[in-house]
Amino acid sequence: MNFNHSKESKKELLKKIKNIEIKATILSDNIFAGQYQSCLKGNGMEFADIRRYAPGDDVKKIDWKVTAKQRKAYVKEFVEERELSVFLLVDVSASNRFKDKLDLITELVGSLAFSANKNGDRVGALFFSNEIEKIISLKKGKKHALSIIENLLVLNPKGKNTDIANALRYFGKIFKRRSVIFLISDFLDDNYEKELKSLSRRHEIIPVRIGDKKFESLPKGAIFTLEDSETGEQIVVENYSSKSEFAINSLNDGINLYVGQDYVKEISRFFCRGRVR
């Protein structure tokens, strides 16, 4: 989607952003707020100080380097992190630029950004295809949440394909402080598991798969010429017997969202499974 700078396109863009803002605000205020806070708030511990060991202290917190140097036992003190860094890693490749999928992704991004803002957390975004398309730094505030939505809507990606591994590697090099990452994609990609596992050692990663069931099944008797929106490759699919389902894997440890379904219910179900650690 590429908006020019005419008055008409600016008006259209502002209207779209306003509609998303209204819906996302309602969702974050009335639905996500409590679940977001209980599941994500304070999910890390930050080093605060060192003090002398006292009977009853957890021996796992002993700082052995200081203890050896001082020849007396010292323990590390930690405080719960009160502010989270929330990053939205969003796949903007060609397969996610269809209107219905883009609308769902934009609503989801808006809802998560407003939820983070309501909770007093900083939120940032990284838009990727097979290239790193745009990075939006961590900030707080309603204007910043709106800027994330606007940037997603006006973005004209250079790349058409998907490279999740590249995005994860890039994020890992740039951002060292522990973050909660929502990885939003249709996951039509391979060979990213190693990078996902590596990044999850430092960060909390919540994969969110975006699907559209009308593109994942064929009715009986159908003959279709299908074109891969990312590579341009065409194939002819004939289905004379029964309804055919495409083998697209669901996420076992994440959120599966489909166009036209109640995505709020799915996100709520995920959050209610337990506190994110």
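Refer to the structure printed above.
Cut-offs and rules
Residues numbered from 1 in each chain as written. Predicted model: local features only at pLDDT ≥ 70, side-chain atom pairs only at ≥ 80, totals over all residues. Heavy atoms only, no water. Helix = DSSP H or I, 4+ residues; strand = E, 2+ residues; numbered from the N terminus. Buried < 20%, exposed > 50% of the residue type's maximum accessible area, 1.4 Å probe, protein only. Polar contact = N/O pair within 3.5 Å; in protein donor to acceptor, adjacent residues only side chain to side chain. Contact = heavy atoms within 4.5 Å. Arc of directions from axis to C-beta. Expected span 1.5 Å × (residues − 1). Pairing = 2+ DSSP bridges. Right-handed = clockwise from strand over helix to strand, strands pointing away.

## Regarding the side chain of Ser179
Structurally, Ser179 can be placed in the loop between helix H5 (164-174) and strand S6 (180-185). A relative accessible area of 4% places Ser179 in the buried class. In this structure the side chain of Ser179 is engaged in a polar contact, spanning 3.0 Å, whose partner is the backbone oxygen of Arg177. Ser179 has contacts with Ser85, Phe87, Phe171, His203 and Glu204, leaving out every residue within four places of it along the chain.

## Some points on the side chain of Ser129
For Ser129, the position within the fold is in the loop between strand S4 (122-128) and strand S5 (132-139). Within polar-contact distance, the side chain of Ser129 engages the side chain of Asn130 at 3.5 Å. Among the polar contacts made by the side chain of Ser129, one reaches the side chain of Glu133 at a distance of 2.6 Å. Those residues within four positions of Ser129 in sequence are excluded, and the remaining contacts are Val92, Ser93, Gly159, Asn161, Thr162 and Asp163.

## Description of the environment of Val154
Structurally, Val154 can be placed in helix H4 (residues 142-154). Residue classification places Val154 among the partly exposed positions, given a relative accessible area of 29%. Taking C-alpha positions, Val154 is 8.3 Å from Leu13, a pair spaced 141 residues apart along the chain.

## As for H5
Of all the positions in H5, only Ile164, Ala165, Ala167, Leu168, Phe171 and Gly172 are classed as buried. Down the axis, H5 shows its buried residues gathered within 165 degrees of arc, on one side only. In this structure, the buried side of H5 is in contact with strand S3 (85-91), S4, S5, S6 and helix H6 (193-199). With a side-chain oxygen positioned 3.4 Å from the backbone nitrogen of Ala165, the residue opening H5 is Asp163.

## Here we look at unusual backbone geometry
A positive phi angle, close to 60 degrees, is found at Arg71, a residue other than glycine. Structurally, the position occupied by Arg71 is in the loop between helix H2 (64-70) and strand S2 (74-80). Look at Asn191: it is not a glycine, yet its phi comes out positive at around 60 degrees. On the secondary structure map, Asn191 appears in the loop between S6 and H6.

## Observations regarding the environment of Leu146
Following the sequence through the fold, Leu146 ends up in helix H4. The spacing of Leu146 and Phe114 is 32 residues in sequence and 8.5 Å in space, taken between C-alpha atoms. With sequence-adjacent residues up to four places away left out, Leu146 is seen in contact with Ile17, Glu21 and Phe114.

## Let's talk about the environment of His144
Residue position: His144 is located in helix H4. When the C-alpha atoms of His144 and Phe114 are compared, they prove to be 9.4 Å apart, with 30 residues separating the residues in sequence. Excluding its chain neighbours within four sequence positions, the residues that come into contact with His144 are Val123, Gly124, Ile136, Ser137, Leu138 and Lys139. Only 2.8 Å separates the side chain of His144 from the backbone oxygen of Val123, close enough to count as a polar contact.

## What to know about helix H3 (residues 99-118)
Helix length check: H3 (20 residues) gives 28 Å between terminal C-alpha atoms against 28 Å at 1.5 Å per residue, within 8%. Within H3, 15 of the 20 residues are buried, leaving the element largely enclosed by the surrounding structure. Positioned one or two residues after H3, Gly120 has a phi angle of 80 degrees, which is positive.

## Some points on the pairing of S6
Of all 6 residues making up S6, 6 are buried, and the element is well covered by its neighbours. Where burial is concerned, the two faces of S6 agree: the one with Val180, Phe182 and Ile184 and the one with Ile181, Leu183 and Ser185 are both buried. As defined by bridge partners, S3 adjoins S6 across 5 bridges and the pair is classed as parallel. Within S6, the position partnered with Val86 by the bridge is Val180. Taken together, S6, H6 and strand S7 (residues 204-211) form a β-α-β motif whose crossover is right-handed.

## Regarding the pairing of S5
The sheet contact formed by S4 and S5 spans 5 bridges and is antiparallel. Bridging from a neighbouring strand, Phe128 pairs with Ile132 of S5. Linking S4 back to S5 in an antiparallel pair, the connection comprises 3 residues.

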